[in-house]
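# Results of the structural survey
Residue-level listing of the chains:
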Amino acid sequence: MLLQLRQRISRYSHQKSWSIKISEQSSKSSLTKTFGLTAASGDICKHSVLVHLKKQAYACESSCRKIKNKVDLQSAKVYILFLFYCKVLVNSVQPPSTFQPESKTDKRIAMTTKRTLCCITVAVLGYLWIKFVKQGPVYEVTKSLNGKTVLITGGNTGIGKATAIELARAGARVVIASRNLPRSEEARREIIELTGNDEVRCMYIDLEDLDSVRDFAKEFDETEQYLDYLINNAGVMSVFGKAKSGINRIFAINHLGHFLLTNLLLGKMKKQSTVRPVRIINLTAHSYKVGNVTKETMYNDVTSLGEMFQTASDSKLANVMFNVALDEELKKFDVTTYAVHPGMIDSGQAMGLPLYIRALIRLPVLLFTRTPYYGCQTTLYCALDDDVTKYSGEYFSDCQHEELEPLARDQDAIRFLWNESLKLSGLVTS
């Protein structure tokens, strides 16, 4: 028995068929005889070999145990040698490569099939990337807004400009409020050219300068008869330092300026709501979920990138809380409010970042952000859809209602933010 075992091991050690490819003609019969394996092709997988060799090892071990009384030094060496060859053979076997046809025609067919599958895979992935990453839901504007007035902050660029174009195309009178009047005038001319609607007006406002906000509100109240849609769109992320009010500039522009503007125009909107409804839309972001509104976050002097991103998130949480509080304030009037996340949009807010940071994030921005056109769709949805009025005070993203996180409904935090904003904006003196 041991002599037969040794002969069998010798045959294992000289087999050339343990390489990646085993042809049917040369090795299929020998594999069948030697290992008891059969297959439709000459390929053999590593798993099959491993299983077979383990069976051989167990059989050898069992045989040796049965003749242990007769086993001499030579048979022990044979047993050890067999296990050694098992290890060598298993380690030398590689998983078969892709099927290699024998004829040139089959090779061409296989290559064509492979290329076709690659092209289909790339096409499907490209479609999914464009459909769900670079694009988003589009709200079809079917209403005529003739005779309606829209006030939109930051309407001269990015999402605000895209929003202004779509509302002007629907016939609305659009008032663009911005601190960059030359750019606003340029946007005005472009909007008129694209839509044919010349009811577009530019007005100056600097949201971090509360005196500028008061002057703007006074002029608007005196010169505009109606205000049907107030869209608090303007926002910043990459700015540093503090505003005149003493809080950091990010919080001042993103929250406090809009808080004061909205409250100064509330009288006009409440009065108008008895004859025609009003909607207020506050743009925010998903980052509100990691925000925190305290006195420290408002007065923190932003000096680093980490503080900048955190303060921006804090201000977005303030936008959401303000929207919730505003809805409670307006329950008796036909004025509804909505917090809107526009999506990941390439709106130019990173222009204030250092050059090397902008260079690092350029590729991710190109791959994963949408154009401002898709960024304005949820705003249009909340401004014009008839079914959203039942969700006043709520949060929207991708033209859908989303439940707010509990931190955005914390009544103590909302009350603190409202009272502190009243003091900072000068609406109350104590």
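Note that the coordinates shown come from a computational prediction; the quantities given were computed from them, not determined experimentally.

Conventions adopted
Residues numbered from 1 in each chain as written. Predicted model: local features only at pLDDT ≥ 70, side-chain atom pairs only at ≥ 80, totals over all residues. Heavy atoms only, no water. Pairing = 2+ DSSP bridges. Helix = DSSP H or I, 4+ residues; strand = E, 2+ residues; numbered from the N terminus. Axes fitted to C-alpha atoms, helices over the stretch in contact; angles between N-to-C directions. Parallel < 35°, antiparallel > 145°, perpendicular 65-115°, else oblique. Left-handed = near helix turned anticlockwise from the far one by under 90°. Contact = heavy atoms within 4.5 Å. Nonpolar A, V, L, I, M, F, W, Y, C, P; charged D, E, K, R; others polar. Buried < 20%, exposed > 50% of the residue type's maximum accessible area, 1.4 Å probe, protein only. Right-handed = clockwise from strand over helix to strand, strands pointing away. Core = buried A, V, L, I, M, F, W, Y, C linked by side-chain atoms within 4.5 Å.

Before going further, it helps to examine the sheet that holds strand E7 (residues 394-397). With respect to topology, 8 strands assemble into an open sheet ordered E3-E2-E1-E4-E5-E6-E7-E8, the strand pairing being mixed. Sheet topology places strand E3 (200-204) and strand E8 (400-402) at the edges, where each strand pairs with a single neighbour. For this sheet, the mean angle separating the axes of adjacent strands, direction not counted, is 25°. One ladder, built from 4 bridges, connects strand E6 (residues 335-341) with E7; its direction is parallel. Directly across from Tyr338, in E7, lies its bridge partner Glu394.

Before going further, it helps to spend a moment on the packing of helix H6 (residues 158-169) against helix H14 (residues 377-384). Across the interface, H6 lies against H14 with an axial gap of 9 Å and an inter-helix angle of 45°. Relative to H14, H6 is oriented oblique. Judged by the sense of rotation from one axis to the other, the crossing of H6 with H14 is right-handed. Side by side, H6 and H14 meet where Thr163, Glu166 and Leu167 of the first sit next to Thr379, Leu380 and Leu384 of the second. In terms of residue class, the contact of H6 with H14 is made up of 3 nonpolar, 2 polar and 1 charged.

Let's shift gears to the pairing of strand E2 (residues 173-178). Among the 6 residues of E2, 5 are classified as buried, and the element is accordingly described as predominantly covered. Relative to E2, strand E1 (residues 149-153) is paired through 5 bridges, and the arrangement is parallel. In the strand pairing of E2, Thr149 is matched with Arg173. Tracing the backbone out of E1, into H6 and back to the parallel element E2 gives a crossover that is right-handed. Examined bridge by bridge, E2 and E3 share 5 bridges and lie parallel to one another. Considered in E3, the bridge of Ile176 is made with Cys202. Following the backbone out of E2, through helix H7 (residues 181-195) and into the adjacent parallel E3, one traces a crossover that is right-handed.

Within the largest apolar cluster, 58 residues are counted, with the highest numbers of intra-cluster contacts made by Leu151, Phe216, Phe220, Leu265 and Met269. For this core, the elements supplying multiple residues, two or more each, are E2, helix H8 (210-223), helix H9 (249-272), strand E5 (278-283), helix H11 (305-329), E6 and helix H15 (411-425). If you tally residues by element for this core, the top one is H9, at 11 residues. Residue contacts for Phe216: discarding those within four places in its chain leaves Leu151, Ala177, Met203, Tyr204, Ile205 and Leu261. Formed by 32 residues, the second largest nonpolar core is a distinct cluster that contains Ile159, Ile165, Ile191 and Tyr381.

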